[in-house]
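Read off the chains here:
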Amino acid sequence: MQLFTKKDTNTMKPIPGTLRVAVIGGGPAAMFFCHALETQRRLEQTSTKRTKNHGHNNNNNNNNNKQLSSLQVTCFEKAATPGGVWKSAAEAASSTTATAKNHHQHHHKPIYEELWTNSIAYCMEFYDYTFDKHFDGKTIPMYLPRQDVNEYLLNRVTRSCPNFFEKYFDFGVEVVRVAWIQQSPSPSQQQQNKKEQEEAFSVFEVTIRNTQTGQSSVRYFDKCIWAAGMNGMVSI
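Counting starts from 1 at the beginning of each chain's written sequence and moves along it residue by residue. Local features in a predicted model are, by the rule used here, given only for residues with pLDDT of at least 70; side-chain atom pairs are given and counted only at 80 or more, and totals for whole chains, interfaces and linings are based on all residues. As a rule here, side-chain values come from all non-hydrogen atoms in the structure, and water together with hydrogens is ignored.

Novice: Summarise the pattern of salt bridges; cite the residues concerned and give the values.
Specialist: Note on definitions: salt bridges are taken to be side-chain nitrogens of Lys or Arg within 4 Å of carboxyl oxygens of Asp or Glu. According to the stated counting rule, one finds six salt bridges in the structure shown. The partner of D222 in a salt bridge is R20, with the nearest N and O atoms 3.2 Å apart. Of this pair, D222 sits in the loop between β6 (216-221) and β7 (223-226) while R20 sits in strand β1 (residues 19-24), placing them 202 residues apart in sequence. Here D222 and R20 have matching classes, each one buried. Of the charged contacts in the structure, one is a salt bridge between R177 and E205, with a shortest N-O distance of 3.4 Å. Here R177, found in strand β4 (residues 173-183), pairs with E205, found in strand β5 (residues 201-210); they are 28 residues apart in sequence, far enough to count as distant. The cut-offs for exposure are 20% and 50% of the maximum accessible area for each residue type, with area from a 1.4 Å probe on protein chains only; residues under the lower value are buried, those over the upper are exposed, and the others partly exposed. Classification of R177 as partly exposed rests on a relative accessible area of 42%. By relative accessible area, which is 15% here, E205 ends up buried. Helix and strand labels come from DSSP, where a helix needs a run of H or I of at least four residues and a strand needs a run of E of at least two; each type is numbered from the N terminus.

Structure representation (structure tokens):
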């Protein structure tokens, strides 16, 4: 695993035509956000191809494609695998290195191995990936066991995008600090031309640590999404 895969986030200044988005956490919330983005990108690409095949030029499609392509999303997950609390305690322990355990003071509590949900199964079903598809039409119990839910969530995001996690996630990376930085123009700059005034900008400074090597570094993002529930927020 490479600690830094998005070189554009190594510079503090905003990148023209790019919206850098950091997502903290690798559980369902992060997966759902990236899945929605990936789905919309795929729909826009299909719509654009259909429009071109019919010899039309749709400016709305072009604008949507530009906006979607400008989003550069990086999800930081300190464990080696996705799933969040839906992983069993054993899975979470095996995917968390000793370095991460030493540094992380506020451990999340994963679901125990044999848990069965207390919510009716069909209340958890997604319209774009039905239980019939996932379970091949087999009859399912009224309440699903933890492992079935976890596998369902993971398969939903990877079935149409096999490289989903390689595309959006950085595993084994712990976020240790987030700061909001505002770079304002000096009084002298305010009296100068518009181009120089545009040097003012605001970014999120995200300090991360590789849980395998202990190496720390800083990345910069235009937007930051908290997707880790109650876990770790106090320490960050």
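Moving on from the coordinates now.
Novice: Hey, could you go over the environment of I181 for me, with residue numbers and the actual values?
Specialist: By the secondary structure assignment, I181 is in strand β4. Between the alpha carbons of I181 and S202 there is a distance of 5.5 Å; along the sequence they are 21 residues apart. Contacts are assigned to residue pairs that have any heavy atoms within 4.5 Å of one another. Excluding residues within four positions of it along the chain, I181 makes contact with M12, F201, S202, V203 and E205.

Novice: Account for unusual backbone geometry, with residues named and values stated.
Specialist: Located in the positive-phi region is D136, a residue other than glycine, with phi close to 55°. Assignment of secondary structure puts D136 in the loop between α5 (131-134) and α6 (146-158).

Novice: Account for the environment of S184, naming residues and giving values.
Specialist: Tracing the backbone through its elements, the reader meets S184 in the loop between β4 and α8 (187-190). Look at S184 and you get exposed, because its relative accessible area is 55%. Expressed as a C-alpha distance, the spacing of S184 and S202, which sit 18 residues apart in the sequence, is 8.3 Å.

Novice: If you had to explain the nonpolar core to someone new, which residues and values would you point to?
Specialist: Grouping buried Ala, Val, Leu, Ile, Met, Phe, Trp, Tyr and Cys residues that are joined through side-chain atoms within 4.5 Å yields what is termed a nonpolar core. Core analysis: the largest hydrophobic core is formed by 29 residues, its most contacted members being V73, F164 and F169. The set of elements that each furnish at least two residues to this core consists of β1, α1 (28-53), β2 (71-77), α6, α7 (164-168) and β3 (169-171). Core analysis: the next-biggest nonpolar cluster, separate from the first, contains nine residues, A22, V173, V175 and F204 among them.

Novice: How would you sum up the sheet that holds β5? Please name residues and give values.
Specialist: Strands in a sheet are paired, the pairing made by backbone hydrogen bonds, and the direction either parallel or antiparallel. Strands were regarded as paired on the criterion that DSSP finds at least two bridges between them. The strand order β4-β5-β6 describes an open sheet built from three strands, whose pairing is antiparallel. Where the open sheet ends on each side, the last strands, each with one partner, are β4 and β6. Neighbouring strand axes in the sheet, compared pairwise and without regard to direction, differ in orientation by 25° on average. Examined bridge by bridge, β4 and β5 share 10 bridges and lie antiparallel to one another. Bridging across to β5, Q182 finds its partner in S202. To define axes, lines are fitted to C-alpha atoms, for helices over the stretch in contact only, and angles between the resulting N-to-C directions are given on a 0 to 180 degree scale.

Novice: Tell me about the pairing of β5, and name the residues and values.
Specialist: Walk down a regular strand and you will see the side chains alternate between the two sheet faces. Counting buried positions over the 10 residues of β5 gives nine, a clear majority of the element. Examined bridge by bridge, β5 and β6 share six bridges and lie antiparallel to one another. Bridged to I208 within β6 is S217. Hairpin connection of β5 to β6: five residues between the antiparallel strands, including G214 at a positive phi of 80°.

Novice: Describe α6, and please don't skip the residues or the numbers.
Specialist: To estimate the expected span of a helix, subtract one from its residue number and multiply by 1.5 Å. Over its 13 residues, α6 runs 19 Å from end to end, which matches the ideal 18 Å to within 8%, given 1.5 Å per residue. Among all positions of α6, only R146, V149, N150, Y152, L153, R156 and V157 are buried. Buried residues of α6 fall within an arc of 160° about the axis and therefore sit on the same side. Note: the arc covers the axis-to-C-beta directions of the helix.

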